[in-house]
Structures are given as structure tokens and as C-alpha cells.
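Listed below are the residues making up each chain.
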Amino acid sequence: MVNRLTFDDDLFLRSERVLGIPVTNQSVWRFDRALDTAELDELAHRLGTGRLGRRVVRGAVPGARARWVPSEAVPPVAVRTEPVEDVLTWADAEAEKRLDPVRGPGWRLACAPTAAGGSVLSLVVSHVVGDGGVHVNAVVEAVRGVRAGRPAPTPVRWWDDVRDAGGQLLRAGRGVLRAARAPKGAPLPPGTQTSRTRERAGDETPARPPCAVFDCDAEAWDVAAAARGGSANTLFIAVLTEILLASGRVSPDAPIKVSLPVSTRREDDDRSNATTGVSLAVTPAGGRVTDLAAIRAASKRAFASAAEESPTRLLEPLVQLLPDAVVARTAENSPVPLCLCSNLGELPREFAAPTGFPATSVMMRSLTGGTSPALLRARGGGLTAWLTRTGGTLTLAVLALDPDHFPDARTLRDHAANTLATWSIPATPW
């Protein structure tokens, strides 16, 4: 069976190829000891011969979806010998290294010693090649020595592409008809604050959005959440919305739209991207967001709606057929989330110990290249965050997409640290 690119795969590919905005997923492990380079070489080999070992081949017929084929490129581990003083600066530099999902490789593994006597490991994967689920599964399978998810070298003849193009046209037509009849979903409360696109103007200098990372005491986090009738996830949502409130990015007088990614990945699922999203409104009270029970109830309703076929999803086959120029014009005016919370939960034991012994903490995040202050302002974004749990540590990574309210990493870090302190959560910045 030919493994064709999904709508989301195609979207990330066009973002990189047409708009010059590559999106990558990165994991960074911190260890309290040195890493063995031979073990890292073996890990890289297994990653390259697993589900990350894929690259894109475009269809030979207009309308045919591109397909995945095996990639023979296994990049060597980038080993730095000089100790790293600032782990985040090093991680940022690794995330900016160019990946190529078409020619391969679409991923990169790097390590370095730290000035504190430990070590750090980074895995960066093009979002075209895989979402967070693929990222985690690829490492787990590599540690277990399992080869899975790699595309089969299936021969494709021209009539296979003709057949796929015809199928896409049929799916697009059906999608348009069904979208016209599909319910629009439950609306958010009137006056809910969302991201708003603006005319692109101002500083076009390439800029890296600021990021702040904290290792938090997991037990204290759970205690704080339970005390307010919530869970670790609802406290995560509250913390992020309160950082937005502290910065002045949102008003305390209206509900705030929060976006939540939802995995649609099934067992033995070889899709590169299998994620959808839902949203809910969080209402501040007295400048705070402390009613976690209300957030928990709203989250359950939102997650229950993830299985519904929205009009947007039904139109995906049509969008995948559109030429690059049309997609580019549409994407340029698309807003990014005001507040996006991606809770990755407890990381699998093998993922937390990719070389055999466990990391002290693991940070996961997605990064967008090709940005500038003008582009960020035009997209109207706010904050995007990821939460992972490794043993007794919760690692919170927050990326700021608003250059006016979060002009630098220090401003973001201070707002985040103060918010965590109000919840009595001990946190150590990276």
C-alpha cells in the first residue's frame, strides 16, 4: 500500500516550501552524567532505520498526493566537546539547523556536555516527518530495537497517481457537500478573546520567539491542582492564561480562548501527523483563573467534540488539491492560537532514558522558523506551551509569539516564574 501524505503533512510541507516557514519538533534531555558516543551512534542508526527514515516524493500527476518513501540518510550525531553554559541557547541553535523532508534527512540528533558536569541531548524532527506522537514512538521503538513505521519501498506507476488524483477529486467533492450540511459546533461565549490577524508591517528582521523552560515539582503541581478541584492539565491551562493576563496581552474582563491539541493516532498508525484540535473558553475572575473545576468540565466537553467531523476537516481534501499560490495567500492571513496548551503527559520510560539511564528532565516543544516581529504581529498569536512529566518533575516550556507583550526571554521568564509562585509551585528555570 502506498503511504500518501495526509492533509496535515502537506500543510507543514507547504509552509516550509512555499512560505519559507519550517516547523520542527524538538526534545531536549538533561542528564547528570556524560553520554556514551557509541550508544548515541546506535540510537541514531535505529532512528534512521525506523519511522523517522522517510522522505517525500511528489506525485507525477496533478492532483495526486505526494507519498512517503524510505530515506537512506542517517545523519551522524553532532557531538560538541566544549561544555554548554546555557542549555536553551544551545537547544535553540540546534533547532535552527536545516532539515530536508524531501531529500532527507528530516531529523537531527546532537549532544553536548554541560558546565555543571552533566550532558544534554537534542532530537529535532521536521513536523512534516512527524508530530509529537511520531517523535515519541520513534525513540521508544529505537530503544526497544523495534523497526516500525518505515515506509515500504512500494513501486508506484503513473496510473497509481492517476487513480489517487481521481480519488482526491471525489473526496473533495464529497467533503464540500458534507461540509455544507455539517453542524458548525458549539460556539464560544460572546466576547471571547481570540487571536486577531493584522496587516503585516514593521520590523521584518528574522527573529527567534522567546522561550522559557521550567522544571517544576510534580507533587506540588498535583496538590495545587487538587486543592482547586482540577487536574494537572487544568492547572496547566490556568497557568498559561494567567501568564497572558499578567503580561496585559488579554483583558481580565472577558473569556479567553484556549486551544488544545488532541491526538487521533491509532495503534499501528503510520501517519506522520495525526493530530486535531479543540478549543474552550476560560473566564478570569478578579484577574485570576482559579476555578479549575469549571475548566475541567469545559475540557471534557471539548475533548468529547474531537470525534465530530467539523466543516473545516471535511474541506481538507479540497485544500490539498489547491495550487501553492492559493494556499500561500490563504495561509498568510491565518491567525495562530492565542493560547495553546499541549500536555504530553507522563513520558514513556524508554523515551525518558534513550541511552539506557533516565534523564533528570525532558523538554518538548515545537518551533517555527522564518519568523519576524512583523510576521508575529500579523498572525496575532500569544503563548504556546508544552508540559511533560518525567518521574517527580514536570517540565513546562512556554513560547511567546507576541513581540510587544513578550519582547524578550527575560520578560517571559519573569511572568512565568511569578505565576508559578502564586500557585506555590517550586520551579527551576533552565
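Preceding block: the structure.
Note that the coordinates shown come from a computational prediction; the quantities given were computed from them, not determined experimentally.

Enquirer: So what's going on with helix α1 (residues 7-17)? Residues and values would help.
Expert: When you tally the buried positions in α1, you get eight out of eleven residues, the bulk of the element. Looking at α1, one finds that the buried residues are Phe7, Asp8, Asp9, Asp10, Leu13, Arg14, Ser15 and Glu16.

Enquirer: Give me the packing of aromatic side chains: which residues, what numbers.
Expert: Within a pair of aromatic rings, the relevant descriptors are the distance that separates the centres and the angle that separates the planes. One pass over the structure, following the stated rule, counts three aromatic pairs. Ring centres of Trp29 and Phe351 lie 5.1 Å apart, and the angle between their planes is 45°; on these two criteria the pair is classed as tilted. You can see Trp29 sitting in strand β1 (residues 23-31) and its partner Phe351 sitting in helix α12 (residues 349-352), a full 322 residues away along the chain. For the residue pair Trp29 and Phe351, the accessibility class agrees, reading buried in each case. Ring centres of Phe31 and Phe357 lie 5.4 Å apart, and the angle between their planes is 80°; on these two criteria the pair is classed as edge-to-face.

Enquirer: So what's going on with the nonpolar core? Which residues, and what values?
Expert: As a rule of thumb, nonpolar side chains are buried together in soluble globular proteins. In this structure, Trp221, Leu235, Leu383 and Leu396 are the most contacted members of the largest nonpolar core, which totals 46 residues. Here this core takes ten residues from helix α7 (residues 232-247), the largest share from any one element. By size, the runner-up hydrophobic cluster in this structure holds 34 residues, among which are Leu35, Leu47, Val77 and Phe351.

Enquirer: An account of the sheet that holds strand β6 (residues 119-126) is needed here, citing residue identities and associated values.
Expert: An order of β4-β5-β6-β1-β11 is seen for the five strands of this open sheet, with the pairing classed as mixed. The sheet is open, and its two edges are formed by β4 (78-79) and β11 (361-368), each paired on a single side. In the sheet, β4 pairs with strand β5 (residues 107-113) via two bridges, with the strands oriented parallel. Bridging from a neighbouring strand, Ala78 pairs with Ala110 of β5. Most of the contacts of helix α2 (residues 37-48) go to β5, to which it runs at about 165°, and overall it touches β4, β5 and β6.

Enquirer: Account for the side chain of Asp8, naming residues and giving values.
Expert: Its place among the elements puts Asp8 in helix α1. Within the structure, the side chain of Asp8 is placed 3.4 Å from the side chain of Arg313, a separation counted as a polar contact. Discounting chain neighbours no more than four positions away, the residues touching Asp8 are Asn273, Thr275 and Arg313.

Enquirer: I'd like a description of the pattern of salt bridges, backed by residues and values.
Expert: Opposite charge on two side chains permits them to pair, given that their charged atoms come into close proximity. Using the criterion set out here, one finds 33 salt bridges in the structure. With a closest N to O distance of 2.8 Å, Glu42 and Arg46 form a salt bridge. Of the two residues, Glu42 and Arg46 both sit in helix α2, four residues apart, roughly one turn of that helix. When its relative accessible area of 36% is taken as the criterion, Glu42 is described as partly exposed. Note that Asp164 is salt-bridged to Arg171, the shortest N-O span being 3.8 Å. Relative accessible area serves as the criterion here: at 8%, Asp164 is assigned to the buried category. Via salt bridges that share partners, Arg4, Arg65, Asp161, Asp164 and Arg171 belong to a single interconnected network.

Enquirer: So what's going on with the pairing of strand β13 (residues 393-400)? Residues and values would help.
Expert: A large share of β13 lies buried, amounting to eight of its eight residues. Neither face of β13 is exposed, since Thr393, Thr395, Ala397 and Leu399 on one face and Leu394, Leu396, Val398 and Ala400 on the opposite face are all buried. Two strands pair when backbone bridges link them, and strand β7 (residues 211-217) and β13 are joined in this way by seven bridges, in the antiparallel orientation. By the bridge assignment for β13, Ala212 is matched with Val398. The pairing of strand β12 (residues 383-390) with β13 spans eight bridges and is antiparallel. Paired with Thr390 across the strands is Thr393, a residue of β13. Joining the antiparallel neighbours β12 and β13 is a turn of two residues, in which Gly391 adopts a positive phi near 60°.

Enquirer: Tell me about empty space enclosed by the protein, and please be specific about residues and values.
Expert: Taken as a whole, this structure holds two cavities of 30 Å³ or more when the rule is applied. Looking at the largest cavity, its volume works out to about 40 Å³. In this structure, the largest cavity is lined by Arg46, Leu47, Gly50, Arg51, Ala138, Glu141, Ala142 and Val146. Within the residue set of the lining of the largest cavity, elements represented by two or more residues are α2 and α4 (132-144). Residue contributions to the lining of the largest cavity peak at three residues, all from α4. Of the residues belonging to the lining of the largest cavity, the class tally is four nonpolar, one polar and three charged. If you go around the second largest cavity, the residues you meet are Phe7, Asp10, Leu11, Arg14, Val319, Gln320 and Val327. Contributions of two or more residues to the lining of the second largest cavity are made by α1 and α10 (316-321). In terms of residues, the lining of the second largest cavity owes the most to one element, α1, which gives four residues.

Enquirer: A description of the packing of helix α6 (residues 218-227) against α7 should follow, citing residues and the corresponding values.
Expert: In contact at an axis separation of 9 Å, α6 and α7 are set at 85° when each is read in the N-to-C sense. With respect to their mutual orientation, α6 and α7 come out roughly perpendicular. Every residue of α7 that contacts α6 at Trp221, Asp222, Ala224 and Ala225 is listed here: Ala232, Leu235, Phe236 and Val239. Of the residues that constitute the contact of α6 with α7, the class distribution is seven nonpolar, no polar and one charged.

Enquirer: Before we move on, could you go through the environment of Gly380 and cite the residues and values that matter?
Expert: One can find Gly380 in the loop between α13 (373-379) and β12. C-alpha separation for the pair Gly380 and Leu338, spaced 42 residues apart in sequence, amounts to 7.3 Å. Those residues in contact with Gly380 that sit more than four places away from it in its chain are Ser195, Arg196, Arg249 and Val336.

Enquirer: Can you explain the environment of Val139? Please cite residues and give values.
Expert: Inspection of the secondary structure puts Val139 in helix α4. Separated by 260 residues in the primary sequence, Val139 and Leu399 place their C-alpha atoms 24 Å from one another. Ignoring sequence-local partners within four residues, the contact set of Val139 consists of Trp29, Leu47, Leu123, Phe351 and Pro354.

What counts as what
- Residues numbered from 1 in each chain as written.
- Predicted model: local features only at pLDDT ≥ 70, side-chain atom pairs only at ≥ 80, totals over all residues.
- Heavy atoms only, no water.
- Buried < 20%, exposed > 50% of the residue type's maximum accessible area, 1.4 Å probe, protein only.
- Helix = DSSP H or I, 4+ residues; strand = E, 2+ residues; numbered from the N terminus.
- Phe/Tyr/Trp six-rings, centres within 6.5 Å; stacked < 30°, edge-to-face > 60°.
- Core = buried A, V, L, I, M, F, W, Y, C linked by side-chain atoms within 4.5 Å.
- Pairing = 2+ DSSP bridges.
- Contact = heavy atoms within 4.5 Å.
- Axes fitted to C-alpha atoms, helices over the stretch in contact; angles between N-to-C directions.
- Polar contact = N/O pair within 3.5 Å; in protein donor to acceptor, adjacent residues only side chain to side chain.
- Salt bridge = Lys/Arg side-chain N within 4 Å of Asp/Glu carboxyl O.
- 1 Å grid on protein atoms, 1.4 Å probe; cavity = no way out; pocket = protein on both sides within 12 Å on 5 of 7 lines; lining within 4 Å.
- Points joined across faces, edges and corners; volume = space filled by probe spheres on them.
- Nonpolar A, V, L, I, M, F, W, Y, C, P; charged D, E, K, R; others polar.
- Parallel < 35°, antiparallel > 145°, perpendicular 65-115°, else oblique.

Any functional reading would require information beyond the geometric quantities listed.
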